[in-house]
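# Structural features, examined
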Amino acid sequence: MSAIYDRSEVTRMIVSAKVRKGLKWADIANQVGLSKEWTTAACLGQMTLTKEQAGVVGQIFELSDEAIAWLQIVPYKGSLPTAVPTDPLIYRWYEIVSVYGTTIKELIHEEFGDGIMSAIDFSMDIDRQADPKGDRVKVVLSGKFLPYKTY
């Protein structure tokens, strides 16, 4: 097997094996022992796995030792190929931030003061909610508030 030159190659290997094996992210997350949201982000190249976690992922996807090593390296974060996303589902998130971003910012600042919501000290939960008019997607984002400091 030839050398792996970057983390994106490992991501392609993982996605290919997931499709080939008919796996679900929630099942993979259960084996890793973390949330489906974080585990999926890690497998898609956005998080750093510990040696133990990388070993489990490597076993699931039948990865080489080199690929497992790549899973433990801090990745270049940001997975969108363009500034304005073209995938319809991801574009809707862009649209939500475009329309409601200033509202979210205003309400967070009013409640907490001048600062940001962390995407590092952060959790996300995605669930399906049954609804007679059509199932709904429920997304809960929770990030630590980080106030700006004066110095």
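Here the structure is shown first, and the text comes after it.
The sections below set out a description of the structure shown in this document. These numbers come from a predicted model, not from an experiment.

Among the nonpolar cores identified, the biggest contains 17 residues, and Val-10, Ile-14, Val-57, Phe-61, Leu-63 and Leu-71 are the most heavily contacted of them. Secondary structure elements with two or more residues in this core: helix 1 (7-21), helix 2 (25-32), helix 3 (36-43), helix 4 (51-61) and helix 5 (65-70). Ranked by the residues each element gives to this core, the list is headed by helix 4, at four residues. Contact partners of Leu-63, with chain neighbours within four places excluded, come to Val-10, Met-13, Ile-14, Val-57, Gly-58, Ile-68 and Leu-71.

Examined bridge by bridge, strand 1 (residues 115-129) and strand 2 (residues 136-147) share eleven bridges and lie antiparallel to one another. Following the sheet pairing, Met-117 is matched in strand 2 by Phe-145.

Let us look at a nonpolar patch on the surface. A surface patch of nonpolar side chains, amounting to about 1100 Å² of accessible area, comprises Leu-80, Leu-89, Ile-90, Trp-93, Ile-96, Val-97, Val-99, Tyr-100, Ile-104, Met-117, Phe-122 and Leu-141. Elements represented by at least two residues in the nonpolar patch include exactly helix 6 (88-112) and strand 1. Looking at the nonpolar patch element by element, the count peaks at eight residues for helix 6.

What follows concerns helix 2. Ile-28, Ala-29 and Val-32 are the residues of helix 2 that are buried. Axial view of helix 2: buried residues confined to an arc of 100°, hence all on one face. If you follow the buried residues of helix 2, they end up packed against helix 1, helix 3 and helix 4. Backbone geometry just downstream of helix 2 places Gly-33 in the positive-phi region, at approximately 90°.

Here the focus is helix 1. Over its 15 residues, helix 1 runs 21 Å from end to end, which matches the ideal 21 Å to within 8%, given 1.5 Å per residue. Within helix 1, the full set of buried residues consists of Arg-7, Val-10, Thr-11, Ile-14, Ala-17 and Lys-18. Relative to the axis of helix 1, the buried residues are bounded by an arc of 130° and lie together on one face. Facing away from the buried surface of helix 1 by more than 90 degrees, the exposed residues are Arg-12, Val-19 and Arg-20. For helix 1, the elements touching its buried residues are helix 2, helix 3, helix 4 and helix 5. At the C-terminal side of helix 1, Gly-22 shows a positive phi close to 65°.

Let us look at the packing of aromatic side chains. A complete count under the given rule lists two aromatic pairs for this structure. Both rings, one in Phe-112 and one in Phe-145, keep their centres 5.0 Å apart while their planes meet at 25°; by these two values the pair is stacked. Residue Phe-112 is found in helix 6, and its partner Phe-145 is found in strand 2; the two are separated by 33 residues along the sequence. Among the residues examined, Phe-145 registers a relative accessible area of 19% and is labelled buried.

Under the definition given, this model contains five salt bridges. Among the ionic pairs, Glu-62 bridges to Lys-21, the shortest N-O distance being 3.1 Å. One end of the pair, Glu-62, is in the loop between helix 4 and helix 5; the other, Lys-21, is in helix 1, with 41 residues separating them in the sequence. With relative accessibility at 33%, the residue Lys-21 sits in the partly exposed group. Among the ionic pairs, Asp-135 bridges to Arg-128, the shortest N-O distance being 2.8 Å. Classification of Asp-135 as partly exposed rests on a relative accessible area of 44%.

Calculation notes
- Residues numbered from 1 in each chain as written.
- Predicted model: local features only at pLDDT ≥ 70, side-chain atom pairs only at ≥ 80, totals over all residues.
- Heavy atoms only, no water.
- Core = buried A, V, L, I, M, F, W, Y, C linked by side-chain atoms within 4.5 Å.
- Buried < 20%, exposed > 50% of the residue type's maximum accessible area, 1.4 Å probe, protein only.
- Helix = DSSP H or I, 4+ residues; strand = E, 2+ residues; numbered from the N terminus.
- Contact = heavy atoms within 4.5 Å.
- Pairing = 2+ DSSP bridges.
- Patch = residues over 30% accessible without salt bridge, like charges linked within 9 Å, V, L, I, M, F, W, Y side chains within 5 Å.
- Areas by Shrake-Rupley, 256 points an atom, 1.4 Å probe, with all protein chains shown as cover.
- Salt bridge = Lys/Arg side-chain N within 4 Å of Asp/Glu carboxyl O.
- Arc of directions from axis to C-beta.
- Expected span 1.5 Å × (residues − 1).
- Phe/Tyr/Trp six-rings, centres within 6.5 Å; stacked < 30°, edge-to-face > 60°.

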